[in-house]
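Coordinate inspection notes
In case you want the letters, here they are:
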Amino acid sequence: MDYQTSKFIAENLVYLFSAPCIITFLLFAWDKHLAYYQRTRVPEAVLLLLSLLFGAFGGLCAMIFFQHKTRKPAFFITVPLLAIVQIAAIVLFKLYLQK
């Protein structure tokens, strides 16, 4: 990877990874809204998949903010672990690009 490309990625890394987090946060919020009104819900697999695809921090924030999916082990174990791994991966990638 050349210098200009790595510099561009390093400078815009926050923006690249914030989009999936925002989408995941909003989908968790929408699912909570649907649950409140007893409507057809967003499948749990979709919420977990979005968390896996670099949206775990947004999912974790939504779980805390809306108190949603906090009793299900698939969520209260998986989403925080994914968030830790993803944040570590972002930090390591940023350090790698700065070399």
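First, a word on what this report is: a plain description of the structure on this page. (Residues numbered from 1 in each chain as written. Predicted model: local features only at pLDDT ≥ 70, side-chain atom pairs only at ≥ 80, totals over all residues. Heavy atoms only, no water.)

**Considerations on the packing of aromatic side chains**
Tallying each qualifying case throughout the model produces six aromatic pairs. Here the aromatic rings of Phe 17 and Phe 54 are separated by 4.8 Å at their centres, their planes lie at 50°, and the arrangement is tilted. Residue Phe 17 is found in helix α2 (residues 13–36), and its partner Phe 54 is found in helix α3 (residues 44–66); the two are separated by 37 residues along the sequence. Ring plane angle 45° and centroid distance 6.3 Å describe the contact between Phe 25 and Phe 65, whose orientation is recorded as tilted. In this pair, Phe 25 is assigned in helix α2 and Phe 65 in helix α3, connecting sequence segments 40 residues apart. Grouping aromatic residues by their ring pairs yields a cluster made of Phe 25, Phe 65 and Phe 66. (Phe/Tyr/Trp six-rings, centres within 6.5 Å; stacked < 30°, edge-to-face > 60°. Helix = DSSP H or I, 4+ residues; strand = E, 2+ residues; numbered from the N terminus.)

**Describing the side chain of Asp 31**
By the secondary structure assignment, Asp 31 is in helix α2. Residue Asp 31 is classed as buried on the basis of its relative accessible area, which comes to 0%. Reaching out from Asp 31, the side chain makes a polar contact with the side chain of His 68 at a distance of 2.6 Å. Among all residues touching Asp 31, those that are not within four sequence positions of it are Arg 41, Val 42, Leu 47, His 68 and Lys 69. (Buried < 20%, exposed > 50% of the residue type's maximum accessible area, 1.4 Å probe, protein only. Polar contact = N/O pair within 3.5 Å; in protein donor to acceptor, adjacent residues only side chain to side chain. Contact = heavy atoms within 4.5 Å.)

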